[in-house]
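Here is how the chains run, residue by residue.
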Amino acid sequence: MPEIFRFYGYSFFFYSREHEPLHVHVEGAEGRAKYELVGGDFMLKEAYNIKRNDLKRIKEVIDENKDIIIRHWHNYFGKEAEDD
């Protein structure tokens, strides 16, 4: 499972056999979440056992690093990066 980066004790990654739509998984000692790219923004699709404040921080990290996440996805799965 390719890890994109780590922040605040959470790993941001996707699985090597992923599916569309583009999304990112987040896991830490406390739980996990999944954010899906919808219309140019990542939206929370599911969360388990992550505090609301941590979800807010995670979303900020995803928003600040959106281009890195998208580029990582496209590079890994062999697609050309799309212009936003």
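Everything below is about the structure printed above this text.
Residues numbered from 1 in each chain as written. Predicted model: local features only at pLDDT ≥ 70, side-chain atom pairs only at ≥ 80, totals over all residues. Heavy atoms only, no water.

### Examining the nonpolar core
Judged by nonpolar contacts, the single largest core of 19 residues is most densely connected at F12, V24, Y35, F42, I58 and I62. Contributing elements (two or more residues each) for this core: β1 (3-7), β2 (10-13), β3 (23-28), β4 (31-38), α1 (52-64) and α2 (66-76). Top element by residues in this core is α1. It accounts for four residues. Beyond its immediate chain neighbours, meaning those up to four positions away, I62 contacts F12, V24, V26, Y35, F42 and I69. (Core = buried A, V, L, I, M, F, W, Y, C linked by side-chain atoms within 4.5 Å. Buried < 20%, exposed > 50% of the residue type's maximum accessible area, 1.4 Å probe, protein only. Helix = DSSP H or I, 4+ residues; strand = E, 2+ residues; numbered from the N terminus. Contact = heavy atoms within 4.5 Å.)

### Remarks on the environment of M1
Here M1 is to be found in the segment before β1. If we skip the residues at most four places from it in the chain, M1 touches F13, F14, Y15 and S16.

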